[in-house]
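What follows is each chain in one-letter form.
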Amino acid sequence: MSGSSRIVAVLGPTNTGKTHYAIERMLGHRTGVIGLPLRLLAREIYDKIVAVRGPSVVALVTGEERIVPPRAQYWVCTVEAMPEGMGADFVAIDEIQLCADPERGHVFTDRLLRSRGTNETLFLGSDTMRGPIASLVPEAQFVRRERMSQLVYSGSKKISRLPPRSAIVGFSVENVYAIAELLRRQKGGAAVVMGALSPRTRNAQVELYQNGEVDYLVATDAIGMGLNLDVNHVAFSSLTKFDGQRMRPLAPNELAQIAGRAGRGMSDGTFGVTGEAPALEDGVAQAIMDSRFTPMKKLNWRNAALRFGSVGSLIDSLEVNPSGEHLTKARPADDLNVLKSLSQVTEVLARASDGASVKLLWDVCRIPDFRGISHAEHASLLEVIYSHLHERGSIPDDFLARQVRRIDQPDGDIDALSKRLAYIRTWTYVAQRNGWVRDESHWREETRTVEDRLSDALHDRLTQRFVDRRTSVLLRRLKQKEALLAEVNDNGEVTVEGEFVGRLEGFRFIPDKSAQGTEAKALKSASLQALAPQFHLRADRFYNAPDTEIDFTDQGGLMWGEYAVGKLVAGAEPLKPIVEVFVDEAAGPDVQQKVQRRLQHFIDRKVAALFEPLLNLSRDEELTGLAKGFAFRIVEAMGVLPRAGVAQEVKDLDQDARGALRKHGIRFGQFTIFMPLLLKPAPTRLRLVLWALSSGLQEFPEAPPPGLVTVPVAKDAPEGYATMCGYRNAGDRSIRIDMLERLADMLRSEDSRGGFEAKPDMLSITGMTLEQFADLMQGLGYKAERGEREKIRPVEVEVSASATPEDLGVEEVPSPESVSQEPIEPDETPSETIESTEASTEMTDTKQATEPATDEPDVEVFFTFTWGRQRQANNRAPRRDQRQGQGKGKSRGKPQEGRGKPQGKKGGKPQGAKTFSSRPPKKEKAIDPDNPFAAALMGLKDGN
């Protein structure tokens, strides 16, 4: 139409209020049509006008959406969907500079040349269009509008350092997703806006950004087409884009169109580059800031006067060359390419035999390739649609239902949902065309419902993937310097502002492991700030907690319930460890000191309670001389001291000194000097920890299970480990030292020279089988000779109660001398006893049940134990037993009287011969006054 209406070209840079001006002008007329470059923008303008005039007078028409009330006065459309021949009072075309776009330019050029309002026509766009408009529309008036705020180039910045309220622009889906993922990890997330999104998804994403849930927006160049967003900074991640045929650099005016989104209204904005994009040249940056660009000279054009006589004539009319210096022939668009492809199909060509059929074919070819799979796939789909329309007059309901049902699946990932949205857009477009489906209202509603469902699902997936609401909320509140509310439940789970952020273990905050890198740092920073009051409350509760809630581990850790709150480190003395606390620095020094004091009190009281006998010994001022020195040795050894290492010191102690030490519970055993009270499980466990600390061990060995008399020898254990456990290594097993002393008492009455067998009581107190006991005895320095013999049945031997050993044919073996150099006092008994275990079936016990007699004699295994001639490493026998087991010089193997060797009744010289000597009688050894049997021995001597 070419009426005499007022035509005005409102030109200028972005943020000049051109679109707002056009809306005001349109609403000043009775009717109006405005054409916009994107359906996203069309929806935004539609919502604005509806808010002013109500939905009953406003229509929205895009390729995939059609809302047309009966009394529509104002039509908001995409440029391609603008109705023709309406005779509206007002017509406006936004972003008119898209006449130069290689893909869609011919549509905008057609509207420039042919769309007019009866009263007023506005062309809105860049000042670079002044020349072509003046040439092609001579009657047009020009209005220049200046930018309302400044736009400043800020150079290159890393994505992690971009300011809040920034939009990062990418030119591919992959690039947009990669940037959004990076922002999620570093900044809490980003909204995603792309032209391929449905209006519903796009609006939901923009709302995330506009309401402040995220501070960053990642978008394609779609935001450059008039989308009004609260953006302060625009950053280009690339300066090239794929235009459908090739990768090409963006022109300065294209960069300006996008950069101009920064700074809305009177607020200044900045733009720059980020990522791998090179810095802008000085001239380009200055041109964008000054809005000075090379004027456009050529506009894309395609003939609008189409001929529908045949498919060939239609193609020819579409390929007519333009006339005029400002017009250039547009490259073949998708619709023309599909038309050419279908013209090669015999069936299609046969159907398109008249003008109506050719026009229908052209309308089908204009269905956009929303799916973007391939040209052949798109042409094949359109062939099916054309066949249905030509043959039946509409698309069958069952066919359309199958297509829609296949797409209606709101599950899957972002890519799957994006593909389904692209597929449903094809059928949404088809349903919007008049007469293409039988029940238009049903299928328009059905396809719109499916698109909305997929859009919501896509929005949820985008938000889940690219928005960390937790980090976003925390960072925003920190930025606003608002107090953060933290809560800790009974399980130690920490929530800040309702978002789970991690766990509070004792006085250390453990962030959620799903957060990594910069995100984790931001999360921890915000969480610790919010947890400050919680740390103080927890410290007060801990300080007043009873000792029963606190414990130490075998590795020296200090636990409060299930949480580690500190560890022990070596102090100046083994019994005075110090505490190192596990408290986050953010908790503050007051909390740290309170925890430190409470833990030190705990361990000091624990040492005082479990080592009370040892501490009393160290504080006894009545001890003097050798007794005081020996007490120091006992304290230094934490109550357990191998006798072999202090044999001389023990020998030097007089009876008074020993008595003074015995008052403190010290027992002078044959193998070990120890305090029985300190062999209990609790003191033993703590002694091991303190010993490991003072020894500087990196890994602390654990205490043996309590209650066991023997345990396997710990492999690769540090030297002194068995002693600290209260055990002595003997062969492959270790025996508890108090039980070892009881065993030594039993062995003292046996003939260690002539040989003896194990008694049931020996096996009972050790809880061993005969084989294990033999190994133990060898570990203690004895020889064990294995033998077999016929088992004597009690029924075959009648023994009188008054029978003597000679009657039974058994030698009477006198008691050997003590194995140790010093006698063991009989009043020294172990502090603990152990329940007797069942004796081995191999041991000789005349009390066990007698089995029925058989023809073959039963054979039993027995061991004969004698004192070994060689001392064994680390298990040296006391000297006295050594003297008993070994002679010197030529007397070896020939026992003589007075040598102290163990003798049985048959171990000396023949009884019938007498021996005379001219040497004076040998002086007898004085009886040890320290021996508790001294009085009895003196009495026996006097009786003789």
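Residues numbered from 1 in each chain as written. Predicted model: local features only at pLDDT ≥ 70, side-chain atom pairs only at ≥ 80, totals over all residues. Heavy atoms only, no water.

Engineer: I keep staring at the packing of helix H14 (residues 397-407) against helix H15 (residues 414-432) and nothing clicks. Help me out?
Structural biologist: Think of two packed helices as two axes; the pair is described by the angle between the axes and how far apart they sit. H15 packs onto H14 with a crossing angle of 160° between their chain directions and a minimal axis gap of 9 Å. Judged by the angle between their axes, H14 and H15 are roughly antiparallel. When you trace H14 past H15, the crossing you get is left-handed. Contact residues: Phe399, Leu400, Gln403, Val404 and Ile407 in H14; Arg420, Tyr423, Ile424 and Trp427 in H15. (Axes fitted to C-alpha atoms, helices over the stretch in contact; angles between N-to-C directions. Helix = DSSP H or I, 4+ residues; strand = E, 2+ residues; numbered from the N terminus. Parallel < 35°, antiparallel > 145°, perpendicular 65-115°, else oblique. Left-handed = near helix turned anticlockwise from the far one by under 90°. Contact = heavy atoms within 4.5 Å.)

Engineer: Any chance you could explain the sheet that holds strand S11 (residues 191-193) here in plain terms?
Structural biologist: In a beta sheet, neighbouring strands pair by backbone hydrogen bonds and run either parallel or antiparallel. The six strands lie next to each other as S9-S16-S13-S10-S12-S11, forming an open sheet whose pairing is parallel. Edge positions in the sheet fall to strand S9 (151-157) and S11, since each of these pairs with one other strand and no more. Between one strand and the next, the sheet's axes are offset by a mean angle of 25°, whatever the strand orientation. The pairing of strand S10 (residues 166-169) with strand S12 (residues 216-219) spans four bridges and is classified as parallel. Paired with Ile168 across the bridge in S12 is Val218. (Pairing = 2+ DSSP bridges.)

Engineer: Got a minute to help me understand the pattern of salt bridges in this structure?
Structural biologist: Side-chain pairs of opposite charge can arise where the charged atoms are in close proximity. One pass over the structure, following the stated rule, counts 50 salt bridges. With a closest N to O distance of 2.9 Å, Arg25 and Glu120 form a salt bridge. Remark: Glu120 occurs in strand S7 (residues 120-125) and Arg25 occurs in helix H1 (residues 18-27); sequence separation between them is 95 residues. Judged by relative accessible area, Arg25 falls into the partly exposed class, the value being 32%. Where Asp554 meets Arg685, a salt bridge forms, and the shortest distance between an N and an O atom there is 3.1 Å. (Salt bridge = Lys/Arg side-chain N within 4 Å of Asp/Glu carboxyl O. Buried < 20%, exposed > 50% of the residue type's maximum accessible area, 1.4 Å probe, protein only.)

Engineer: Teacher, can you tell me more about unusual backbone geometry here?
Structural biologist: For residues other than glycine, phi is negative in most cases, and the peptide bonds are mostly trans. Look at Asn15: it is not a glycine, yet its phi comes out positive at around 60°. By the element assignment, Asn15 lies in the loop between strand S1 (6-11) and H1. Classification of Asn15 as buried rests on a relative accessible area of 5%.

Engineer: How should the sheet that holds strand S24 (residues 557-560) be read in this particular structure?
Structural biologist: Strand order in the open sheet made by the four strands is S23-S24-S25-S26, with antiparallel pairing throughout. Of all strands in the sheet, those bounded by a partner on one side alone are strand S23 (550-552) and strand S26 (578-581). Pairwise comparison of adjacent strand axes, ignoring direction, gives a mean angle of 30° for this sheet. Across four bridges, the pairing between S24 and strand S25 (residues 563-569) is antiparallel. Paired with Trp560 across the two strands is Tyr563, which belongs to S25. Together, S23, S24, S25 and S26 form the strand contacts of helix H19 (residues 589-610), whose direction differs from that of S26 by roughly 145°. In the packing of helix H24 (residues 681-695) onto the sheet, the strands contacted are S23 and S25, and the crossing angle to S23 comes to about 60°.

Engineer: In this structure, what is going on with H15? I would like to understand it.
Structural biologist: Two residues of an α-helix separated by three or four positions point the same way, owing to the 3.6 residues in each turn. The terminal C-alpha atoms of H15 lie 26 Å apart, and with 19 residues this matches the ideal 27 Å at 1.5 Å per residue to within 8%. Among the 19 residues in H15, 14 count as buried, and that is most of the element. (Expected span 1.5 Å × (residues − 1).)

Engineer: Quick question: what am I supposed to make of the confidence of the model for the chain here?
Structural biologist: Low-pLDDT portions of the prediction should not be read for the details of their coordinates. Per-residue confidence for the chain gives a mean pLDDT of 82; residues scoring 70 or more make up 81%. Confidence scores differ between elements of the chain, with helix H30 (residues 879-885) showing the lowest mean pLDDT of 39 and strand S6 (residues 90-93) the highest of 97. This model gives residues 929-944 a pLDDT under 50, and the stretch forms 15 contacts once residues within four places in sequence are excluded. (pLDDT = per-residue confidence, 0-100.)

Engineer: Can you walk me through the environment of Asp408 in this structure?
Structural biologist: With respect to the element layout, Asp408 can be found in the loop between H14 and H15. Separated by 39 residues in the primary sequence, Asp408 and Thr447 place their C-alpha atoms 9.2 Å from one another. Not counting chain neighbours up to four residues away, the residues in contact with Asp408 comprise Val450 and Arg453.

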